[in-house]
Each structure stands twice: as C-alpha cells, then as structure tokens.
Amino acid sequence: MPLPAYLMAAPDGVPWLTLLVLAPLAGVLLVGLAALLRLDDRLVKIGVTAWMLVPIGLALAVWAGFDARSTADGQGVIQFVERVPWVQAIRVDYFLGVDGLSLPLVLLTVVMAPIAALASFNVSTNARVHFALLLLLEAAMLGYFLALDFFFFFIFWEFSLVPAFFLIQVWGRENRRYAAFKFFIYTMAGSVGMLLLFQVFYLSTRFAGQPTFDLIAYGRLGQGLPVAGFQGDLQQILFAYIDHLGVADVLGRFPLLYTSIAFWAIFVAFAIKLAVWPFHTWLPDAYGEAPTSGSIMLSAVMSKMGAYGMLRILLPFTPQAAQYFAPVIGALALIGIVAGAFGALSYSNGDIKRLIGYTSINHMGYVMLAIAAAAALPGGATQESRTIAVNGAVMQMVAHGLSTGGLFLLAGALYERAKTYDLSQFGGLRVTMPTFAGVMGVAMFANLGLPGLAGFVGEFFIFRGAWATLPLFTLLATIGLVITALALLVMFQRIFLGPLNQRWKALPDLNPLEFWTMAPLLALLLALGLYPAPIMELANATASQMVSVFMNVLS
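To start, this report covers the structure provided alongside it. Please read all numbers here as calculations on a predicted model, not as lab measurements. (Residues numbered from 1 in each chain as written. Predicted model: local features only at pLDDT ≥ 70, side-chain atom pairs only at ≥ 80, totals over all residues. Heavy atoms only, no water.)

## Details of the overall build of the chain
Put simply, the rule is: Strands here are runs of E lasting at least two residues and helices are runs of H or I lasting at least four, both read from the DSSP assignment and numbered beginning at the N terminus. The globule rule is 2.2 Å times the number of residues to the power 0.38, and the radius of gyration it is compared with is taken over C-alpha atoms. A 1.4 Å probe rolled over the protein chains alone gives each residue an accessible area, and that area as a share of the maximum for its type sets the label: buried under 20%, exposed over 50%, partly exposed in between. Any two residues having at least one pair of non-hydrogen atoms within 4.5 Å are treated as being in contact. All accessible-area figures derive from a Shrake-Rupley calculation using a 1.4 Å probe, and residue coverage is judged against the displayed protein chains alone. Under the counting rule used here, the positive set is Lys and Arg, the negative set is Asp and Glu, and His together with the chain ends is not counted. The location of each charge is read from NZ of Lys, CZ of Arg, CG of Asp or CD of Glu.
When helices and strands are tallied, the chain shows 22 helices and five strands. For a compact globule of 555 residues, the expected C-alpha radius of gyration is about 24 Å, and the chain comes in at 23 Å, within 12% of that figure. If you line up the chain on its principal axes, its C-alpha atoms span 75 × 60 × 40 Å. When burial is assessed residue by residue, the chain has 62% of its 555 residues classed as buried. Here the contacts in the chain between residues at least 6 apart in sequence split such that 80% fall between residues at least 24 apart. Summed over its atoms, the accessible surface of the chain is roughly 19800 Å², and 67% of this surface lies on carbon and sulfur atoms. Of the side-chain charges in the chain, 27 are positive and 26 negative, and the distance between the mean point of each set is 9 Å.

## Side note on the side chain of Ser360
The condition is simple: Any pair of N or O atoms that falls within 3.5 Å is considered a polar contact. Within protein, one atom must be able to donate a hydrogen and the other to accept it, and sequence-neighbouring residues count only if both atoms are side-chain atoms.
By the element assignment, Ser360 lies in helix H16 (residues 352-375). In terms of polar contacts, Ser360 uses its side chain to reach the side chain of His400, at 3.2 Å. Ignoring sequence-local partners within four residues, the contact set of Ser360 consists of Tyr287, Ser299, His400 and Thr404.

## Points about the pattern of salt bridges
Put simply, the rule reads: Salt bridges are identified by distance alone: a Lys or Arg side-chain nitrogen within 4 Å of an Asp or Glu carboxyl oxygen.
For the coordinates displayed, the defined rule picks out ten salt bridges. We note a salt bridge from Arg253 to Asp243, for which the minimum N-O separation is 2.8 Å. Separated by ten residues along the polypeptide, Arg253 in the loop between helix H11 (247-251) and helix H12 (255-274) and Asp243 in helix H10 (residues 234-245) bring together distant segments of the chain. Using a relative accessible area of 46% as the deciding quantity, one classes Arg253 as partly exposed. By relative accessible area, which is 25% here, Asp243 ends up partly exposed. Its salt-bridge partner being Asp285, residue Arg354 comes within 2.7 Å of it at the nearest N-O pair. Taken together, the residues span a long stretch of sequence, with Arg354 in helix H16 and Asp285 in helix H13 (residues 282-289) at a distance of 69 residues. Linked through salt bridges whose partners overlap, the residues forming this network are Arg83, Asp93 and Asp214.

## Focus on the packing of H12 against helix H14 (residues 292-317)
To be explicit about the condition: The axes used here are C-alpha line fits, helices contributing only the stretch in contact, and every angle between their N-to-C directions lies in the interval 0 to 180 degrees. Angle categories: roughly parallel below 35 degrees, roughly antiparallel above 145, roughly perpendicular from 65 to 115, and oblique for all the rest. Throughout, a crossing is termed right-handed when the near helix is turned clockwise from the far one, and left-handed when it is turned anticlockwise from it by less than a right angle. Ten residues, namely Ala, Val, Leu, Ile, Met, Phe, Trp, Tyr, Cys and Pro, are considered nonpolar, four, namely Asp, Glu, Lys and Arg, are considered charged, and the remaining ones, Gly among them, are considered polar.
Relative orientation of the contacting elements H12 and H14 amounts to 160°, with a least axis distance of 7 Å. It follows from the interaxial angle that H12 and H14 lie roughly antiparallel. As for the relative orientation of H12 and H14, their crossing is left-handed in sense. For the pair formed by H12 and H14, the contact residues are Phe263, Ile266, Phe267, Phe270, Ala271, Lys273 and Leu274 on the first element and Met302, Ser303, Met305, Gly306, Ala307, Gly309, Met310, Ile313, Leu314 and Phe317 on the second. In terms of residue class, the contact of H12 with H14 is built from 13 nonpolar, three polar and one charged.

## Describing the sheet that holds strand S4 (residues 78-87)
Spelled out, the test is: The criterion for strand pairing is that DSSP finds at least two bridges linking the strands in question.
Ordered by their spatial adjacency, three strands build an open sheet running S1-S4-S5, and the pairing between neighbours is mixed. The open sheet has two edge strands, strand S1 (7-9) and strand S5 (92-98), and neither has a second partner. Sheet twist, expressed as the mean angle between neighbouring strand axes with direction ignored, is 50°. As judged from the two bridges shared by S1 and S4, these two strands associate in the parallel manner. From the neighbouring strand, Ala9 faces S4, where its bridge partner is Val81.

## Overview of the pairing of S4
Taken together, the six bridges between S4 and S5 define a ladder with antiparallel strand orientation. Within the sheet, the bridge partner assigned to Pro85 lies in S5 and is Asp93. Between the antiparallel neighbours S4 and S5 lie four residues, among them Arg91 with a positive phi of about 60°.

## Details of the pairing of S5
Among the seven residues that make up S5, seven are buried, leaving the element largely enclosed by the rest of the structure. Burial along S5 is two-sided: the residues Val92, Tyr94, Leu96 and Val98 and Asp93, Phe95 and Gly97 are all buried.

## Thoughts on a nonpolar patch on the surface
Spelled out, the test is: Residues qualify for a patch when their relative accessible area is over 30% and they have no salt bridge, like charges being joined within 9 Å and the nonpolar side chains of Val, Leu, Ile, Met, Phe, Trp and Tyr within 5 Å.
A cluster of nonpolar side chains, namely Trp86, Phe151, Ile155, Phe159, Val162, Phe166 and Val170, defines an oily patch on the protein surface of about 590 Å² accessible area. Within the fold, Phe166 resides in helix H7 (residues 161-171). You can call Phe166 partly exposed: its relative accessible area is 38%.

## What about the environment of Leu161?
Looking at the element boundaries, Leu161 is found in helix H7. Filtering out sequence-adjacent residues up to four positions away, Leu161 remains in contact with Phe183, Phe184, Thr187, Met188 and Lys273.

## Observations concerning the packing of aromatic side chains
The test is simple: Planes of paired rings set the category: under 30 degrees apart is stacked, over 60 is edge-to-face and the rest tilted, where pairs are Phe, Tyr or Trp rings (Trp by its six-membered ring) whose centres lie within 6.5 Å. Only when the NZ atom of a Lys or the CZ atom of an Arg is both within 6 Å of the ring centre and within 35 degrees of the ring normal do we say a charge sits over the ring.
Counting across every chain of the model gives 45 aromatic pairs. Aromatic side chains Tyr144 and Trp157 sit 5.5 Å apart centroid to centroid with 35° between the ring planes, which places their arrangement in the tilted category. Linking Tyr144 in helix H5 (residues 127-146) with Trp157 in helix H6 (residues 150-159), this pair joins segments that are 13 residues apart in sequence. Judged by its relative accessible area of 0%, Trp157 falls in the buried class. Centroid distance Trp264 to Phe267: 5.3 Å. Interplanar angle 85°. Geometry classified as edge-to-face. One end of the pair, Trp264, and the other, Phe267, are both in helix H12, three residues apart, so they sit about a helical turn from each other. Residue class for Trp264 comes out partly exposed when judged on its relative accessible area of 25%. Residue class for Phe267 comes out buried when judged on its relative accessible area of 0%. The side chain of Arg83 reaches across the aromatic face of Phe95, ending 4.2 Å from its centre.

Dropping the structure here:
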C-alpha cells in the first residue's frame, strides 16, 4: 500500500531507523560475547564506548538526509518511515519514523550515551552488566523517540525503566533502593491511565470501522485533519463510542468532557516523567542516588521523554482540552519553576547532586510553560509566537541535556576525588584544580542561561513565545531564572572560591579522559549558543504545522 503524502520512506530504501535502534542491542550481544571469552573489563569498557559511535554515525546519516522544511497535508512530513504489518488481528504495525520533534532528541540520545559510558570507567563491580544496561537504556530511548505505533511506543516507554532501575538499584548511593523503587513505581503508576485510555481509543476507532494504534493517524484526527477511512475528528469518534456504551446518558452528552478525561490521563503519565509539580518528588531521589552514568542519562534524556510525549500525543490528540486547560498547565509549570529554583537554593550548602536535580525541575518547568503557551487561547498570539514557544522547548531540552549531563559528570568526578557530595566540605579548589573550575564554570553558565551559550537560546525563545498567551505566568517565571542562577553561583563559590580547605590541597585537576569527555559537550553548548539554527530549523516546520490548530478557539 502506498504511503500517504505526510509519510515518506527512506529515499535509498535502507532501514536506517531500525539499524539505529538495533545498534545498541548488537552492542549488548558483543558484551555477552566478551563475558564468554572472559575479556578484561577495561577492554569491554573501551569497546562499548567505541561501539556507541555507531548510533552516532547512523543518526548523522538520518540528519543528513532529513528535509526539515517538508510539509504535507497540514503537518510536517514524517520521514525515513518503516512500516510493516506486525499483528494483523489487532492492527499493530511495526511503524518507525522521524520528524522535527523527534530528530533533535535522537541526536541528544546518541551523544549522551557515550558520555555516560566514559563517566563509568571507574565502575569496578559487575562492569560488564553496567555497560550492557547503558546500551539497553540507549536502545529503549531511541525506540521511544522513533516508534509511531502505540504498541511499540508503550513497550519502549516501559522498557526504558528496567535498565534505569537496575543502574540505580545496584550502583547507586546509600539510599539507592528507595530511590529506584520510587522512580519505578511513580512512572509505572502514571502509565496505567495512558494504557487504559489507548484501549478506549482503539475500541473507538474499531467502532468507527477502522481500528488502529497509529499515533500519527490519531494526531491527525485530533487536529481535524483527514485520515483515509475515517469521518469526523477524534473527539467525535471518541464521543460516538462513549454514547454507544451508554456512558453519555449517565455523565452527560458533552464531548469535551470525555476529551478532557483523555487529556488528563495522557498528561499525568508524561508529567511524572517530566517531573512537573506536584509529580516531581521522585526526581531528586533518583538523580541524587543514581551512579554518575545513571544521573547523566536520566537528566539528559529520560526526562525529555515526558515533554516529547506531550508534543507528540497530548497536544495533537486533544487540542480542545489542551486549549481549555492550558492555564492550569501553565500554573503547574510556574509552580515547578519556582519550587525547583528554591529547592536548588536550599541545597546550596548541601548535596551537589540534589541541587543539580532541583535545577532540572526548574528547567523542565520552562518546557512545560512553552507547551501550555502553545495551546492557550489565542489572546494576542500568532501562529509564529506559538511556533517560537515550541522551538524554544525543543532547544531547551537539547541545551539542558548537554549542560546538566556535563554537571553530573563533573559532580561524579569530584566525588571520585573527595568521596563526598557535600558542598559544605569544599572551598578554594580553584587554586589546585583550575581546569576543573573553568570547565565546570562553562557548564554552569550554560545551564543558567548565559547569553552566548545554548541554554540562553532555549529560555529566550520560550519566554518570547509564551508572553503572547500567558504573560502573567511568563513574568512570574523570571523569579525562577534569578533563584536558579543564584543557587548555581553559590554552588560554584562553595566548591572553588574562598579559602582552600587544606583537606583537599592535594586533589588532582581534571585528567585527560575527563577533559576530553567534557570537551564535546562544551563545544556543542558554545556552538549552539552562537548558531542555534541546526536544531531550531529541524523543529520549526513541524512545530508551525502542529500549533496552527490552536489559532481557532477550539474549546
């Protein structure tokens, strides 16, 4: 069957996306072979890190062949599509594709995976298993960003918890078991509502004559775009099924009511992963207790899974409810921004990893604010301002992943030297560790949004786009900028400035491995800060088409 105009297969016929997902899994098999051959752990570590360059090469090949300006039938074209019938009885397809929303996050994932591997070179306990779990985590995250059938999307979503759970549980700090179970249970609990909802969506489309788990078809139906074989939009299809069951006779004949229930079932699942207030309490524990590699992958990539889900599913599926509840979502984002900032400040004389974790809650609050602003009632907004907000959210996710991953890497390196994360124990280390201080300073300034570095670009575009629809929330969100900057500056002061704690006078500076691990992150933060077009242009056409539906007063 020929693909519709909004789906485009790889021009050369190569299954690039399947290769991208399978490459880390092939690495797991190589780790197993190394275990059978009883190869030295250090050789395995080097081999896994080198193998992680393969997904980078595949992702760059996809990026090189990606047409960021391509649109058709009211949406950005999904490219490099691979679609094969999988379970015909329930209409499940093996369906992979990439667009301007997913490709930046795919690139972020393949960049951060080898960084996490390099940060694990000091792991001595069950090192082969540790590195195999990193590969599994990379594969699950890539699959999540590329899967476009809910069956596979949900499998990758849930499977990503398994390697993350064991990384925290086995190699984490003192309270690792509590943190691992809290992280796992929170995310699993949030997923239940989304899983049940998609069963209702499936039954609704079956009642309409064409059952499907196709995420792109659902998104088009939600936005009122035509899909072969369907009449009406997703809200009408869902209400027709609810009415058929007799539920509407009990709860009322209000289609928006049932779309709103769907909205909140989806929102809660992704809000937990994004650590939106009040669903954020798992994050400081998980980030703080995880090993360095786990903290890097959780903060740099896994938290972005929630935001991606909102852009891929929440807004396109339920635009009427999204517009109606945008002020509520904006308020939750604002609370998270301010709470995350003050939470970070409360640890300015305490645990460095928890401080960085709370700044992540703050930064993901900005992403949530942009998503709410993109959907809010028109007010003074244009399609351009909404597109700017979504572009800012994508840029913020990439910049935050690079800078926060770098900060966690350096925090781990500091712990390897001093065996403590307690900021009150440090002071004056700039004298003995000048390179460390300089590198951490750049990562910190990128994280707090210094102009000229990538973090500033994302925050600037979010504030610029959000001002048109949620001006009061946007204004109050600047409190978070100031307080987070203060927390990070105090952190830097506690570690590197003031009188030298003589206990640490012999601490070594960054070694070559640590420096060259950080170098690509710093280079990307600087390059994207000065010239953000490579990321912004990827998302622009897709974002512009997606937000066009919100220019009407849908609710």
